[in-house]
Amino acid sequence: MKILSGYIEVAVALPVFHTFTYIVPEPFKDHAAPGTRILVPFGRRRVTGYIFGPSRNSDQKELKPILDVLDEQPLFPPGMVPFFRWIADYYKYPIGQVVKNALPGGLNVYEYSLITLTEQGRRAHKSEQLSPVAKIVLNQLLAGPCRLSKLYKKIDQKIPATLLYNFEQSGWITRKWELKRASTKARLERFIRLGDTSLPVDRLSKPRQKIIELLKNENEIAVNKVKAVVPTAAALIKPLESAGYLTIEHKRVYRDPFGEPIKPDVAPALNREQQRAVSHACQYLNEGYHPFLLNGVTGSGKTEVYMQVAAEVLKKGRLVLVLVPEIALITQIERRFRARFGECVCVLHSGLSAGERYDQWTRILLGEATVAIGARSAIFAPFGNLGVIIVDEEHDASYKQEGTLRYNARDLAVVRAKQNECIVILGSATPSIQSYYNVTTNKFAELTLSKRVEARHLPDIRIVDLRQTRDARGIQRFITSELQAAMKETLDRGEQVLLFLNRRGYASFPVCGACGEAMRCKYCDITLTLHQRSNAYRCHYCGYSRAATSSCDICGSAKIKHLGLGTEKLEDSLTALFKNARVARMDRDTTSRKGSIIKILKGVKNNSTDILVGTQMVAKGHDFPNITLVGIICADLSLSFPDFRAGERTFQLLAQVAGRAGRGDRPGRVILQTYNPEHFCISAARNQDFNSFYQQEISFRQALAYPPFTRMIQLKISGKDPHETEKHANLIGDHCHNLKINHSAHYQSLKIMGPIEASLTRIAGRYRWQILLKDSNAGALHQFINQLRSECHSDFSHRRIQVAIDVDPVFLM
Ligand code: ADP
Ligand code: ZN
Ligand code: ZN
């Protein structure tokens, strides 16, 4: 560990874009290492900072000493600092908040200002002379002390800065700075050890004797374990310690995120294609940065390739990071990796509690975990000496983080591998257009697995035209006679069926039977979905819900027709069609509780489920050997999205779902129901023909100058007031156009599209506008946005209108 003294470079957890220099005073000299968190003064506040290293910039005017060192050990290795810098720069995000985002949650110490109404203020609030906004603020404070940030949030209008100042001066309010301490801590557990063995035991009570007896057999025992044998142990241990019989020690323990023990397995012999892929990749293990695209059809044994490359990496003393798109998948891959590699595997994802996440993080830092598996945020796993980064199902859109720091973990994997000088393997049966394009331009090397393992056949896919059943009533419209017959045959043979429908809930389109209006979300421009199990209408964008007994907002009629098919309704109608079949459903609603995914997967694995109904969750990576029929209820749901990637996503989804069939010894088949049988995405998916799909799609992208031929940045402008938002969007739009005109030579190829109203005009009460910037020259595009932001800084940090910069956007609506 490198100890720093003198001047250090610090990123603070605030929305500022550069780092700062601080002084390390004498008492902290031995503790201020790169990667540790510290408490620093910043303006009038104290905030968390992260030490990056010795300061490179000593011309900062005012230098202040740090106030405290918050960690005994660094939370990330110094090698991650360039990674953080790259992210902040590329995704236009404040550097300290990049670090904050990367670290496990709940670790931050920050200061907030608490505002309390005084007795005087209480009296003053009745005064007639107050301005309307002053009245609102005082009214809010009557309810009790309030944090400043909460006050801003609760009061939906501008609070003049002078107002609070004047209140304070008049003695109406007091302002107190309070420090919020970290909520996540290491867990300590009590252990006992045998003390003085010469003390007489026979005069002790029976339970006490039992405790001493236990200790004689073991070196040390956790008190919790003793309690299982001697229930009153907790009360007996202290007196025994005082008398010298034993010693008590507090030791750090790790919260266990793993469900149950797993039987170890041994690596199977690889087939020739797998062998070739593994040795090709491993050839470059100590040769610096080498990116690969593992293009392998579903069921071709990609996971086995990952594991054998990982084994080679571990042999060389280097570390392994595996990214998977969803928690639902982690459980499977995690089990396979743990069966192979045992205790050195750790998992990182948002399904863990804050404490568990912190513990897993620490295991990596201490070198106890050498393989980490996780969802997108695991790209920040604090590894020093990475040997390989694996991104499974690299095409998956869930690698893109929306909301705060808008990064793409798949792209970051490539960046991190470059910085770490190691190999990176992006794997998929349906590679993204972007990644395959990188193969054709020789940026990535391709590893191919063209056949399923053990010569299993790809499933036979039949297309059924849904237009034939347009006039059918009820469920017959969606379970066509072909599908129903195939299901019956499959079930009769004792095999399993998977039904895919990419829409959860009971009815996705509730409509008033009297006036014909759809039931809409109060806060979004979207229809509600009926969730019968939870007796509510829900909005899938903002979480708004209302009782299932609600009546029409427009005419008050209680007669609501539940149109639109969701997984819940599908599940219900199946129990009517196939009386004896055991049906399970896997979607976000049935998997929110911890352990529920494992339970559903287990049901499929041990054949206590006959039909599995699910959303895209079931499409991803699962390996169910006894599923021989896959029914795709409606293949078109994602095709009509106003998004240039709609075709790509549809193809991927269909090919992936189809790939769940016939993974065991028996051949599989797929029935694909669609309203667009002629569409090239559908026919390419039918033929499992990635190449023909790619050829069509890439020429379409080229013709319209879409990625990968251009890069995009989208400005997402949103606010609660429709007029103010529109005005601000136009203002930013003007800035864009002016900047381009003023530097026309430099930004020649840059295209500005918009501002336009987003196709989802409102989400969670916020009105949404967009500006799309497109350029074949990535450097110029980034320079443009940097210049724009620095020249119009205040318009990018407006209090009520959010202007988010989305680099390489995925969610364009
Ligand atoms: P993919 O990830 O490409 O869809 P998997 O890695 O899940 O495929 O492999 C499919 C199945 O084949 C798994 O049950 C796996 O254990 C098995 N398998 C993979 N490689 C081999 C091999 N070389 N020999 C025997 N079985 C294998
Ligand atoms: Zn109505
Ligand atoms: Zn909503």
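See the structure above.
Residues numbered from 1 in each chain as written. Chains lettered and ligands numbered in written order. Predicted model: local features only at pLDDT ≥ 70, side-chain atom pairs only at ≥ 80, totals over all residues. Heavy atoms only, no water.

## Notes on the coordination of the zinc ion (ligand 2)
The protein atoms donating to the zinc ion (ligand 2) are Cys512 (SG), Cys515 (SG), Cys552 (SG) and Cys555 (SG), with metal-donor distances spanning 2.3 to 2.4 Å. Classification of the site at the zinc ion (ligand 2) as tetrahedral follows from its four donor atoms and the range of 102 to 114 degrees in their angles at the metal. (Donors = N, O, S within 2.8 Å, 3.2 Å for Na, K, Ca; no water. Tetrahedral: all angles 85-135°; square planar, octahedral: opposite > 155°, others 65-115°.)

## Comments concerning the coordination of the zinc ion (ligand 3)
Octahedral six-donor coordination of a metal ideally yields angles of 90 or 180 degrees, compared with 109.5 degrees for tetrahedral four-donor coordination. Looking at the metal site, the zinc ion (ligand 3) is ligated by Cys521 (SG), Cys524 (SG), Cys539 (SG) and Cys542 (SG), spaced 2.2 to 2.4 Å from it. Taken together, the four donor atoms surrounding the zinc ion (ligand 3) define angles of 105 to 114 degrees at the centre, an arrangement classified as tetrahedral. Ordering the donors of the zinc ion (ligand 3) by residue number gives the pattern C-x2-C-x14-C-x2-C. Taken together, the positions of Cys524 in the loop between β22 (509-512) and β23 (529-531) and Cys542 in the loop between β24 (536-538) and β25 (545-547) put the pair 18 residues apart, joining distant regions of the chain. Overall, the relative accessible area of 2% leaves Cys524 in the buried class. According to the relative accessible area criterion, Cys542 is partly exposed, its value standing at 27%. (Helix = DSSP H or I, 4+ residues; strand = E, 2+ residues; numbered from the N terminus. Buried < 20%, exposed > 50% of the residue type's maximum accessible area, 1.4 Å probe, protein only.)

## Comments concerning the sheet that holds strand β13 (residues 290-296)
The strands that make up a sheet are held in pairs by hydrogen bonds between backbone atoms, and each pair lies either parallel or antiparallel. If you trace the seven strands from one edge of the open sheet to the other, you get β15-β16-β14-β17-β18-β13-β19, paired in parallel fashion. With one partner strand each, in any of the chains shown, β15 (345-348) and β19 (445-449) form the two edges of the open sheet. Pairs of neighbouring strands in the sheet enclose a mean axial angle of 20 degrees, with direction left out of account. Taken together, the four bridges between strand β17 (residues 386-391) and strand β18 (residues 423-428) define a ladder with parallel strand orientation. Bridge pairing in β18 places Ile390 opposite Ile425. (Pairing = 2+ DSSP bridges. Axes fitted to C-alpha atoms, helices over the stretch in contact; angles between N-to-C directions.)

## Looking at helix α2 (residues 95-102)
Taken across its eight residues, α2 has six buried, putting it largely inside the fold. Buried residues of α2: Ile95, Gly96, Gln97, Val98, Val99 and Ala102, and no others. Packed against the buried residues of α2 are β1 (6-12), β4 (45-54), α1 (81-90) and α13 (354-365). (Contact = heavy atoms within 4.5 Å.)

## What to know about the state of the cysteines
The tally for this structure, following the rule as stated, stands at zero disulfides. We note that Cys282 lacks a disulfide partner, and the nearest cysteine sulfur, in Cys422, lies 13 Å from it. (Disulfide = S-S within 2.5 Å.)

## Structural notes on the packing of α1 against helix α14 (residues 409-420)
Following both chains from N to C, one finds α1 and α14 inclined at 140 degrees, their axes separated by 10 Å at the closest point. Between α1 and α14, the angle is such that the two are oblique. The interaxial crossing formed by α1 with α14 has right-handed handedness. Between α1 and α14, the contacting residues are Pro82, Phe83, Trp86 and Ile87 on the first element and Leu412, Val415, Arg416 and Gln419 on the second. Classifying every residue of the contact of α1 with α14 gives six nonpolar, one polar and one charged. (Parallel < 35°, antiparallel > 145°, perpendicular 65-115°, else oblique. Left-handed = near helix turned anticlockwise from the far one by under 90°. Nonpolar A, V, L, I, M, F, W, Y, C, P; charged D, E, K, R; others polar.)

## Overview of the sheet that holds strand β32 (residues 751-763)
Taken in spatial order, the four strands of this open sheet run β32-β33-β31-β34, and their pairing is antiparallel. One side of each edge strand has no neighbouring strand; the edge strands of this open sheet are β32 and β34 (802-807). Going from strand to strand, the sheet's axes swing by 20 degrees on average, the running direction of each strand aside. In terms of strand pairing, strand β31 (residues 711-719) meets β34 through six bridges, oriented antiparallel.

## Details of the site of ligand 1
Around ligand 1, the surrounding shell holds 18 residues, and the nearest of these are Ala269, Gln274, Gly299, Lys302 and Asp623. Between Gln274 and ligand 1, the recorded distance is 2.8 Å, taken from a side-chain N or O atom to a nitrogen atom. Residue Arg336 places a side-chain N or O atom 3.0 Å away from an oxygen atom belonging to ligand 1. Against a free-state accessible area of 560 Å², the protein chains account for coverage of 81% of ligand 1. (Near = heavy atom within 4 Å. Polar contact = N/O pair within 3.5 Å; in protein donor to acceptor, adjacent residues only side chain to side chain. Areas by Shrake-Rupley, 256 points an atom, 1.4 Å probe, with all protein chains shown as cover.)

## A few points about the pairing of strand β21 (residues 496-500)
On a regular strand, each side chain points to the face opposite its neighbour's, so the side chains alternate between the two faces of the sheet. Within β21, five of the five residues are buried, which leaves it mostly tucked inside the rest of the structure. Burial along β21 is two-sided: the residues Gln496, Leu498 and Phe500 and Val497 and Leu499 are all buried. Where β21 lies against strand β29 (residues 627-632), five bridges are found, and the strand directions are parallel. Within β29, the residue paired with Phe500 across the bridge is Ile632. Bridge count for β21 against strand β28 (residues 611-614) is four bridges, and the pairing is parallel.

## Section: the packing of aromatic side chains
Each pair of aromatic rings is reported with the distance of its centres and the angle of its planes. Using the criterion set out here, one finds 21 aromatic pairs in the structure. Ring centres 5.6 Å apart and planes at 35 degrees place the aromatic pair Phe337 and Phe341 in the tilted group. Of the two residues, Phe337 and Phe341 are both situated in helix α12 (residues 327-341); the distance of four residues between them amounts to about one turn of the helix. With a centroid separation of 5.4 Å and an interplanar angle of 80 degrees, the aromatic rings of Tyr523 and Tyr544 are classed as edge-to-face. Of this pair, Tyr523 sits in the loop between β22 and β23 while Tyr544 sits in the loop between β24 and β25, and the two are 21 residues apart along the sequence. Three or more aromatic residues joined by ring pairs make a cluster, and in this case those are Tyr436, Phe651, Phe680, Phe690, Phe693 and Tyr694. The aromatic ring of Phe83 is capped on one face by Arg416, whose charged end is 5.4 Å from the ring centroid. Sitting over the face of the ring of Phe17, Arg789 holds its NZ or CZ atom 4.0 Å from the ring centroid. (Phe/Tyr/Trp six-rings, centres within 6.5 Å; stacked < 30°, edge-to-face > 60°. Lys NZ or Arg CZ within 6 Å of the ring centre and 35° of its normal.)

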